[in-house]
Amino acid sequence: MRRPPLLAHLVLFALIVLIPALLFSAFLVLQFSEQQREIAAAQVNDTAEIVSNAVDRDIYGMITSGKVLASSPSLVTGQLAGFHERTMAALRATETSAELIDPSFRVVVSTLEPFPPSPRKTEYTKTIEQVFKTRRPMVSGVFFGARVDRFMFHVAVPVMRDQSVAYVLVINKAADALDAVIANRNLPREWSAIIKDADGRRVFAAVTSEGRMEAQQGISYDNPSILETLGARLSDDLIEASTVSSLSNWTTTVAVPNAVIVQPALRSWLLLISAGILLLLFSIMLGIIFGRRIAAPILQLSKQAEAIGKGEPAMPFGTDIAEIGAVSKVLAQASRERREAEEQNRFLMREMTHRAKNQYALIAAIARRAAKESANTKQFLDTLSEALGSLARSADLLAGSGWESVMLADLVETQLKAFGAGGEQIELNGPAIHLNSTAAQTIGLALHELATNAAKYGSLSVADGTVKISWSIADQFELIWREIGGPSVVEPKHAGFGTLVTQKMTSRGLGGTVEMDYAAAGVVWKLLTPRNAVIACD
């Protein structure tokens with residue numbers, strides 16, 4: 001019997017090798033399509049939570065500002081004109097306005113007009129009624145503010161007097177101001193998001209374009225759907241997820257058309273078919289021309305690939321076929337790069353573990369001290385929440401620079417934003433200094449405690465009071481907090497958690513000294529420590 005020619009053997013061999021590979025690749029493409037959908041579903045759910053959390057952080061900041069303003073001594077003494085002036089100063093750099101409402105729902109202070117305001121009742125009373133009844137802060141739904149001709153929402157904070165609600169302080173914000181909070185979410189095109197309040201009214205709606213979320217203003221106000229944000233661009237076959245905020249009771253829904261997820265799979269199919277045809281033709285040609293010549297070099301290449309898979313060095317070898325020689329060099333380079341990447345990954349994991357342990361240790365120390373100094377569970381939770389909030393703000397700044405350093409001026413403004421940083425009551429003076437991560441967290445926590453005490457008892461508790469923060473750097477780093485124009489200072493008889501943070505933890509954490517002077521004219525706090533304890537790099 002006549003045997004098939006060599007060409008037939010080579011063609012048959014190419015088919016035997018390639019067809020299983022192509023079938024397996026097709027299976028992988030199918031798996032890839034399903035995984036893409038699962039990944040998209042998970043990403044949609046995560047994005048809904050991220051968007052909801054971003055809005056919650058903004059609302060929580062409004063509530064915090066409201067609580068600080070509601071504790072103003074001028075409200076206790078009935079000095080509404082002074083409260084009006086202080087509130088105007090505190091909210092000047094924000095996109096919010098404030099109103100003070102009495103039990104008959106009359107507006108007695110408004111930052112939108114001079115004091116006293118024109119006699120009128122507030123426009124939206126639903127949330128305010130709940131605050132008078134529950135004595136707890138509340139977040140409203142969306143309503144139309146006729147005075148400003150915009151859709152608004154607000155947070156309402158009780159102003160307590162003798163265990164009863166004397167007033168309700170309302171912090172108003174335009175719903176479209178949330179655009180700035182959400183606009184920078186980095187998402188693929190055609191993703192959409194919509195936020196609705198507890199009554200189903202639209203708070204915010206957007207579709208991504210070129211990586212940014214662009215607000216959609218033409219969406220229905222009452223009971224809008226996620227499809228409205230996409231309009232007629234795509235079908236109603238969507239992958240979507242929703243999350244409800246425990247703070248505001250608003251619902252955030254994020255969706256992506258299924259067609260957007262299917263497109264990569266279609267491209268993979270086309271690529272697989274094209275690559276399969278080309279590979280078949282190339283293999284047949286290569287088998288005819290170089291079949292016997294390349295057997296030995298290919299075997300050596302396979303050994304190189306096996307070595308790479310095991311993480312072992314893959315040395316290049318010489319061959320008279322330039323292409324195989326080039327592949328050998330590339331594999332050798334890939335082997336070196338893989339070992340370097342693995343070493344870099346091990347280093348990064350060790351560094352991340354070290355930083356995580358430091359964070360856990362600091363949080364644990366704060367929790368133990370807060371528990372020791374707190375009279376009850378509520379005080380412990382409030383103290384711990386404030387401390388963790390301060391650490392989180394410092395961590396946000398550090399994360400933007402890879403946890404390497406943060407500018408001292410940026411740290412001060414971030415920590416004191418809720419207390420009027422950038423306004424007339426807080427003055428900053430000092431050179432540009434890059435703090436390391438440890439110093440940033442320690443100093444940030446101390447500044448927050450100093451500002452909290454100043455807002456309650458010191459110069460930030462009155463409209464005319466000021467705080468001057470200055471720093472300098474030479475052989476040593478010096479940071480001074482000086483309060484001016486506040487109430488007469490009385491040194492506390494008991495050293496509480498704030499004293500621990502501003503003095504002991506700061507001095508020990510930075511290896512320096514802290515001086516606390518309770519002068520009658522105003523508290524003076526001074527930190528002096530070696531420059532290498534705080535500076536990220538010279």
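Residues numbered from 1 in each chain as written. Predicted model: local features only at pLDDT ≥ 70, side-chain atom pairs only at ≥ 80, totals over all residues. Heavy atoms only, no water.

A. Just the overall build of the chain, in detail. A count of helical and extended segments in the chain gives 13 helices and 18 strands. Counting the 538 residues in the chain, one finds 41% classified as buried. Counting only contacts in the chain whose residues sit at least 6 apart along the sequence, the fraction spanning at least 24 positions is 60%. Entry remark: accessible area of the chain is about 28900 Å², with carbon and sulfur atoms responsible for 57%. (Helix = DSSP H or I, 4+ residues; strand = E, 2+ residues; numbered from the N terminus. Buried < 20%, exposed > 50% of the residue type's maximum accessible area, 1.4 Å probe, protein only. Contact = heavy atoms within 4.5 Å. Areas by Shrake-Rupley, 256 points an atom, 1.4 Å probe, with all protein chains shown as cover.)

B. Inspection of a nonpolar patch on the surface at higher detail. A surface patch of nonpolar side chains, amounting to about 310 Å² of accessible area, comprises Phe24, Phe27 and Leu28. With respect to the helices and strands, Phe24 occurs in helix H1 (residues 6-70). (Patch = residues over 30% accessible without salt bridge, like charges linked within 9 Å, V, L, I, M, F, W, Y side chains within 5 Å. Salt bridge = Lys/Arg side-chain N within 4 Å of Asp/Glu carboxyl O.)

C. Quick peek at the pattern of salt bridges. Across all of its chains, the model carries nine salt bridges by this definition. Between Asp197 and Arg201 there is a salt bridge, with its nearest N and O atoms 3.3 Å apart. The pair formed by Asp197 and Arg201 is uniform in burial state, with each residue classed as buried. Linking Lys526 and Glu478 is a salt bridge whose minimum nitrogen-to-oxygen distance equals 4.0 Å. Linking Lys526 in strand S18 (residues 522-530) with Glu478 in strand S16 (residues 476-484), this pair joins segments that are 48 residues apart in sequence.

D. Main features of the nonpolar core. Ranked by internal contacts, the top residues of the largest apolar core, which has 34 residues, are Ile59, Leu100, Leu169, Ile171, Ile195 and Trp250. At eight residues, the largest contribution of residues to this core is made by H1. Within the second largest apolar cluster, 32 residues are counted, among which are Ile426, Ala439, Ala454 and Trp481. (Core = buried A, V, L, I, M, F, W, Y, C linked by side-chain atoms within 4.5 Å.)

E. Broad picture of the packing of aromatic side chains. Across all of its chains, the model carries four aromatic pairs by this definition. Ring centres 5.4 Å apart and planes at 70 degrees place the aromatic pair Phe144 and Phe151 in the edge-to-face group. (Phe/Tyr/Trp six-rings, centres within 6.5 Å; stacked < 30°, edge-to-face > 60°.)

F. Fine view of helix H12 (residues 437-456). In this model, H12 (20 residues) spans 29 Å end to end at C-alpha, consistent with the 28 Å of a helix rising 1.5 Å per residue. The element H12 is extensively covered by neighbouring structure, given that 17 of its 20 residues are classed as buried. Its side-chain oxygen at 3.3 Å from the backbone nitrogen of Thr438, Asn436 defines the N-terminal cap of H12. (Expected span 1.5 Å × (residues − 1). Polar contact = N/O pair within 3.5 Å; in protein donor to acceptor, adjacent residues only side chain to side chain.)

G. Structural context of the pairing of strand S6 (residues 164-174). With respect to burial, S6 is a largely interior element, ten of its eleven residues being buried. As paired elements, strand S1 (residues 96-101) and S6 share six bridges and run antiparallel to each other. Following the sheet pairing, Glu99 is matched in S6 by Val170. As paired elements, strand S5 (residues 150-161) and S6 share ten bridges and run antiparallel to each other. Paired with Met152 across the strands is Ala174, a residue of S6. (Pairing = 2+ DSSP bridges.)

H. Examining the environment of Glu427 more closely. With respect to the element layout, Glu427 can be found in strand S13 (residues 426-429). Linking Glu427 and Ser470, residues 43 residues apart in sequence, is a C-alpha distance of 8.2 Å. Among residues more than four places away in sequence, those in contact with Glu427 are Val467, Lys468 and Ile469.

I. A look at the sheet that holds S13. One open sheet holds the five strands; their spatial order is S13-S15-S16-S18-S17, and the pairing between them is mixed. A single partner strand is all that each edge strand has here, and the edge strands are S13 and strand S17 (513-519). The average undirected angle you get between the axes of adjacent strands in this sheet is 10 degrees. Against the sheet, helix H11 (residues 408-415) makes contact with S13, strand S15 (466-473) and S16, and its axis sits at roughly 160 degrees relative to S15, the strand it touches most. Across the sheet, H12 lies against S16, S17 and S18, angled at about 10 degrees from S16, the strand it touches most. (Axes fitted to C-alpha atoms, helices over the stretch in contact; angles between N-to-C directions.)

J. Representation of the packing of H11 against H12. Their axes nearest at 9 Å, the elements H11 and H12 cross at an angle of 40 degrees. Relative to H12, the element H11 is oriented oblique. Note on packing geometry: the crossing formed by H11 with H12 is right-handed. Judged by residue contacts, Leu411, Val412 and Gln415 of H11 engage Ala440, Ile443, Gly444, Leu447 and His448 from H12. (Parallel < 35°, antiparallel > 145°, perpendicular 65-115°, else oblique. Left-handed = near helix turned anticlockwise from the far one by under 90°.)

K. Focus on the side chain of Thr506. Here Thr506 is to be found in helix H13 (residues 497-510). Its relative accessible area of 1% is what places Thr506 among the buried residues. What Thr506 contacts, discounting residues up to four positions off in sequence, is Thr442, Ala446, Val501, Val514, Trp525 and Leu527.

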